[in-house]
Amino acid sequence: MKKVTLLIISTVIALALAACGNKEGKGDGNELVVGASNVPHAQILEKAKPILKKKGINLKIVKYQDYILPNKALDSGDLDANYFQHIPYLKDQMKENGYKFANAGGIHIEPIGVYSKKYKSLDDLPDGAKILMSNSVADHGRILAMLEKKGLIKLKPGVDKVKATVKDIAENPKHLKFDSQYEASFLPQAYKNGEGDAVLINSNYAIDVGLDPTKDAIALEDKDSPYVNVIAVRKGDENKKDIKTLVNVLHSKEIQDYILKEWHGAVVPVSGQ
């Protein structure tokens with residue numbers, strides 16, 4: 001009886017091992033779960049998916065419409081990585097929420113744009129024009145630095161432009177009024193509704209609603225912007241083989257050429273940071 005029991009147990013174990021072996025033996029490889037904004041992040045990852053497949057990595061893309069949940073999901077372990085945020089925002093979120101994240105590699109820049117239903121250039125903006133912008137504080141310095149470069153305002157001397165706020169404006173000759181109560185994802189709708197005199201919209205949200213930043217924006221952030229969108233991971237995971245492979249694929253000529261061809265400068269590839 002004992003021999004029969006042992007035989008049954010051995011058979012069950014053998015079948016279980018065989019099943020595991022078959023699962024690995026199909027060439028499916030490892031699963032890598034990455035959270036991303038719809039456009040352009042998820043689209044870029046979709047293009048990388050077959051390349052990663054050949055390298056033994058099954059890429060699963062989880063799409064998000066906001067800037068909060070992807071970091072929560074990464075912190076909880078529901079994601080292996082996320083791809084939606086630029087470096088200043090990542091640093092701000094780590095400081096604010098105690099996240100232990102790391103930048104595994106910069107992939108692209110999305111120049112932020114100024115959009116208006118009422119005016120065709122920044123020069124046309126009237127005195128007291130209402131400017132709508134994201135409630136993400138990490139974007140405020142970026143926006144203000146851009147407007148300073150375009151000649152609309154001047155910031156206080158010596159201020160850290162990455163951390164600048166409206167309070168750091170030293171000169172505002174057009175008396176622009178800044179309204180930062182909007183979620184970044186709602187700004188395209190605010191623009192379409194004709195709200196405000198000008199709306200600052202991140203390119204990923206602009207593209208997602210059919211806007212072409214290079215044609216529809218009345219002004220666009222310079223391409224030398226330091227706001228590089230990165231692959232973010234939990235600290236220590238940046239050295240994992242699958243993560244390094246993901247970053248290398250996204251830095252490949254095939255993917256970078258795709259980005260340039262697909263978005264014509266509205267999304268600019270990088271291969272560092």
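Everything discussed here concerns the structure shown above.
In what follows, the accompanying structure is described. (Residues numbered from 1 in each chain as written. Predicted model: local features only at pLDDT ≥ 70, side-chain atom pairs only at ≥ 80, totals over all residues. Heavy atoms only, no water.)

What to know about the sheet that holds strand β4 (residues 101–109)
The strand order across the open sheet formed by 6 strands is β2-β1-β3-β12-β4-β13, and the pairing between neighbours is mixed. At either end of the open sheet lies a strand with only one pairing partner, and these are β2 (57–64) and β13 (268–269). Running over the sheet, helix α9 (residues 241–250) touches β1 (30–37), β2, β3 (81–86), β4 and β12 (228–234) and is turned about 55 degrees from β1. (Pairing = 2+ DSSP bridges. Helix = DSSP H or I, 4+ residues; strand = E, 2+ residues; numbered from the N terminus. Contact = heavy atoms within 4.5 Å. Axes fitted to C-alpha atoms, helices over the stretch in contact; angles between N-to-C directions.)

Comments concerning the packing of helix α2 (residues 38–54) against α9
Put simply, α2 and α9 touch, their axes get as near as 10 Å, and they point 115 degrees apart. Crossing of α2 over α9 shows right-handed handedness. Where α2 approaches α9, its residues Ile-44, Leu-45, Ala-48, Ile-51 and Leu-52 are matched on the opposing element by Thr-245, Leu-246, Val-249 and Leu-250. (Left-handed = near helix turned anticlockwise from the far one by under 90°.)

Points about unusual backbone geometry
Most peptide bonds are trans, and most residues other than glycine sit at a negative phi. With an omega dihedral of -5 degrees, the bond running from Val-39 to Pro-40 counts as a cis peptide bond. Its location among the elements puts Pro-40 in helix α2. Despite not being glycine, His-175 has its phi angle at roughly 55 degrees, a positive value. Along the chain, His-175 falls in the loop between β8 (169–171) and β9 (177–182).

Description of the pattern of salt bridges
Enumeration according to the criterion identifies 10 salt bridges in this entry. Between Asp-179 and Lys-130 there is a salt bridge whose closest N-O contact spans 3.6 Å. Separated by 49 residues along the polypeptide, Asp-179 in strand β9 and Lys-130 in strand β6 (residues 130–134) bring together distant segments of the chain. Note that Lys-253 and Asp-257 form a salt bridge whose closest N and O atoms lie 2.6 Å from each other. Taken together, the residues Lys-253 and Asp-257, both in helix α10 (residues 253–263) and 4 residues apart, mark about one turn of the helix. Accessibility expressed as a relative area gives 62% for Lys-253, which makes it exposed. We classify Asp-257 as partly exposed; its relative accessible area is 35%. (Salt bridge = Lys/Arg side-chain N within 4 Å of Asp/Glu carboxyl O. Buried < 20%, exposed > 50% of the residue type's maximum accessible area, 1.4 Å probe, protein only.)

A word on helix α5 (residues 137–149)
Between the first and last C-alpha of α5 there are 19 Å, a value that for 13 residues agrees with the 18 Å anticipated at 1.5 Å per step. Within the sequence span of α5, burial applies to Ala-138, Asp-139, His-140, Gly-141, Arg-142, Ile-143, Leu-144, Met-146, Leu-147 and Glu-148. Remark: Gly-151 follows α5 within two positions and exhibits a positive phi of approximately 90 degrees. (Expected span 1.5 Å × (residues − 1).)

Considering the pairing of β12
The buried fraction of β12 amounts to 6 of the 7 residues, a majority that puts the element mostly inside the structure. Pairing analysis gives 3 bridges linking β3 to β12, with the strands arranged antiparallel. Note that in β12 the partner of His-86 across the bridge is Asn-229. Summarising the sheet, β4 and β12 pair through 7 bridges and their orientation is antiparallel. Note that in β12 the partner of Ile-109 across the bridge is Val-228.

Looking at the side chain of Ser-203
With respect to the helices and strands, Ser-203 occurs in helix α7 (residues 203–208). With residues near it in sequence (within four places) discarded, Ser-203 still touches Glu-110, Pro-111, Pro-213 and Ala-266.

A look at the packing of α2 against α10
One can describe the packing of α2 onto α10 by two numbers: an axis separation of 11 Å at closest approach and a directional angle of 140 degrees. Our classification of the angle between α2 and α10 gives oblique. As α2 packs across α10, the resulting crossing turns out to be right-handed. Counted together, Val-39, Pro-40, Gln-43, Ile-44, Lys-47, Ala-48 and Ile-51 of α2 and Glu-254, Ile-255, Tyr-258, Ile-259, Glu-262 and Trp-263 of α10 form the full contact between these two elements. (Parallel < 35°, antiparallel > 145°, perpendicular 65-115°, else oblique.)

All quantities given are derived from atomic positions and should not be read as evidence of function.
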